[in-house]
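Report on the structure
What follows is each chain in one-letter form.
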Amino acid sequence: MRSLRKTVLLAIVVSVLLVVALLHSWPTRAYTTVDVWQRPGPAVERHLEERFPEPDHRSANIPYRVKESVAGLLARNGCVCEGETGGMNLPFAQLLFPRVSAHPMHTAFEASELDEMKKRRAKEYQGFQMRTQTPADMLIVAEANNPLQYPTQGMEVRPYYFQYYSICLVLVFFVLCLPLNFFLSQVNFTSTLGTLNVAAEVEGVKVKGDGEMRMTLTSSLLSNLNRQLQFVTYTNTLFHPSTADTVQFETEGHQAMFTIKVRHGVTPKLYNTGPKGEYNISALVTIATKTFLRYDKLQALIDSVRKYYSTVTIVIADDSENPKTVSGPYIEHYIMPFGKGWFAGRNLAVSQVTTKYVLWVDDDFIFTANTKLEKLVDVLERTTLDLVGGAVREATGYTATYRQTISIEPGEEEGDCLHMRRGFHHIIQGFPNCVVTDGVINFFLARTDKVQQVGFDPRLARVAHLEFFIDGLGSLHVGSCDDVIVNHATKIKLPWVSQSESDKTYAKFRYPPASSDATHTKNGLLYFKNRFQCLTHN
Ligand SMILES: *[C@@H]1O[C@H](CO)[C@@H](O)[C@H](O)[C@H]1NC(C)=O
Ligand SMILES: *[C@@H]1O[C@H](CO)[C@@H](O)[C@H](O)[C@H]1NC(C)=O
């Protein structure tokens, strides 16, 4: 009797604890919605229209003479590739007198398809620009709250360091306006990595130091001086792949400084996604996976994929000791040295992808009617996200998205503190099933070039997943949708079914004990490579 009462009491205590735990973990925070669609924000556009300096109509009839040497470069509407003509056609001529040659690229296409290619490329490029530019790249001019009006941000030039590049040189032409109610006679400019010049000479203005790092403009007529300021140009002359020149701009008693970014433009990596219309998954997506010993599971995955996507390419990285042949149409099987590991395999698989997107799956996943890749493609096509995770359904029916927010708190000599929490930041406007977060489950669709950029550290051989998202923090924009679901092949261990030999070996490699070398490697990398002192998570 006593023991029964004890049991009942224990059951009550356990239930109460469970309810408390459940209430505690229940999300109490109200999430806001965020707009991450691929389009410039309206605020930025308005800003630019208002702030871009209009040429002053009062100064429009002040005479000036265009300087051919400088203005010629400005007037050109975009770059041209020109080769050097002439010269002798002798043996070794190219060795002795190297000449510049020019090659057009559009000849790779038939004239009939060129128009279509141009349009497709323009669309992909527009998407690329919207994803890579931020409001911090826009030109903003500070209104004259002192006599100087000057740009505060958004000035950028390409490094100009080698004569042959001058045919494609871009010069920034900037306009500096002085309000007319100040009487000023002299303006000085100083730069450190490039030269200042004027594209035209205005009557009644004396220009000293044009083509140098210090330039002085002097005039007794303020409106003429203002007109002259509209023709000031800057050319970078000291090459550095990524730096900024600080230009000083001073007049009697007043000083202003602004920076001009000097750097190469980011080369776009665009993918030809085929003719418009419905999303063609075979042309847009490659499925990548890594396998180790579990060929039965892998075959089940392939069979399930083929039910829904018969021509999508599947890339398999395999580091089994005695690899078996996996073949079939649209299958690429890469064999690696034995036991190279989990992230090395992911890296290899992803490096072979040639489509715009790559879908990561584990080799024991099963596609179902709920695995609608079109939905994930739609999210990436229409937003600025780089990667979007789906959901994985276990045999028990439990479905997980494994959303994680990651933050790094600055520390001192000991290193920074890494904090990971279950959850997300915002719901995505227009996609009620999707959220913005920092890390997701092992089932995600991503822009191939961004995943390749972040890379999977091959030093992480056994247990690793979120490390990829930690490495990508700050460059990878991550989302997660719970309405695209892949099934996990059963993992419930029934005590009366003995594990197969390959499953046992697999488990030994994949789930090493916490005190093992694998865990040490992982912590060592977090400590040294990422400079963390500690990690908190829930
Ligand atoms: C411009 O520079 C010259 C020579 O360095 C100097 O004499 C002059 O005072 C400067 N003018 C202004 C307006 O700062
Ligand atoms: C989809 O893309 C594949 C591969 O690029 C191509 O072979 C196929 O013809 C495309 N299908 C349609 C309907 O455009």
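Anything mentioned here points back to the structure above.
Report follows, based on the coordinates.

What counts and what doesn't
- Residues numbered from 1 in each chain as written.
- Chains lettered and ligands numbered in written order.
- Predicted model: local features only at pLDDT ≥ 70, side-chain atom pairs only at ≥ 80, totals over all residues.
- Heavy atoms only, no water.
- Helix = DSSP H or I, 4+ residues; strand = E, 2+ residues; numbered from the N terminus.
- Buried < 20%, exposed > 50% of the residue type's maximum accessible area, 1.4 Å probe, protein only.
- Contact = heavy atoms within 4.5 Å.
- Areas by Shrake-Rupley, 256 points an atom, 1.4 Å probe, with all protein chains shown as cover.
- Pairing = 2+ DSSP bridges.
- Polar contact = N/O pair within 3.5 Å; in protein donor to acceptor, adjacent residues only side chain to side chain.
- Near = heavy atom within 4 Å.
- Nonpolar A, V, L, I, M, F, W, Y, C, P; charged D, E, K, R; others polar.

1. Describing the overall build of the protein chain
A tally of helices and strands in the protein chain yields 14 helices and 28 strands. Here the protein chain holds 538 residues, and the buried ones make up 40% of them. In the protein chain, of all internal contacts separated by at least 6 residues, the share reaching a separation of at least 24 is 72%. Summed over its atoms, the accessible surface of the protein chain is roughly 30600 Å², and 57% of this surface lies on carbon and sulfur atoms.

2. Looking at the pairing of strand E26 (residues 444–447)
Residues Phe 444 and Ala 446 point to one face of E26 and Leu 445 and Arg 447 to the other, with burial holding for every one of them. Relative to E26, strand E18 (residues 357–360) runs antiparallel, the two sharing four bridges. Opposite Trp 360, over in E26, you have Phe 444 as the bridge partner. Alignment of strand E20 (residues 387–393) against E26, held across three bridges, turns out to be antiparallel. Bridge pairing links Gly 389 to Phe 444 in E26.

3. A look at the side chain of Thr 405
Tracing the chain through its elements places Thr 405 in strand E22 (residues 404–409). With sequence-adjacent residues up to four places away left out, Thr 405 is seen in contact with His 419, Met 420, Arg 421, Gly 423, Phe 424, His 425, Thr 437 and Asp 438.

4. Details of the environment of Ser 351
Position of Ser 351 relative to the elements: it lies in helix H9 (residues 342–351). Along the sequence, Ser 351 and Gly 455 sit 104 residues apart, while their C-alpha atoms lie 9.1 Å from each other. A distance of 3.1 Å separates a polar atom in the side chain of Ser 351 from a polar atom in the side chain of Gln 352.

5. Some thoughts on the environment of Glu 374
For Glu 374, the location among the structural elements is in helix H10 (residues 373–382). Separated by 90 residues in the primary sequence, Glu 374 and Leu 284 place their C-alpha atoms 9.8 Å from one another. Beyond its immediate chain neighbours, meaning those up to four positions away, Glu 374 contacts Tyr 279, Ile 281 and Tyr 309.

6. Some thoughts on the site of ligand 1
Every residue near ligand 1 is listed here: Gln 186, Asn 188, Arg 214, Glu 250, Thr 251 and Glu 252. At 2.9 Å, a side-chain N or O of Gln 186 approaches a nitrogen atom of ligand 1. In the complex, 54% of the free accessible area of ligand 1, which totals 360 Å², lies under the protein chains. Elements supplying a minimum of two residues to the shell around ligand 1: strand E7 (186–190) and strand E13 (242–251). By residue class, the composition of the shell around ligand 1 is no nonpolar, three polar and three charged.

7. Some details on unusual backbone geometry
Of note, the phi angle at Tyr 330 is positive, near 60°, even though the residue is not glycine. Mapped onto the elements, Tyr 330 comes out in the loop between strand E16 (313–318) and strand E17 (331–335). With a phi close to 60°, Arg 531 is a non-glycine residue in the positive phi region. Mapped onto the elements of the fold, Arg 531 is located in the loop between helix H14 (517–528) and strand E28 (532–537). By relative accessible area, Arg 531 is classed as partly exposed at 40%.

8. Considerations on the side chain of Thr 289
Examined against the element boundaries, Thr 289 turns out to sit in strand E15 (residues 285–291). By relative accessible area, Thr 289 is classed as buried at 0%. A distance of 2.9 Å separates the side chain of Thr 289 from the backbone oxygen of Val 361, its partner in a polar contact.

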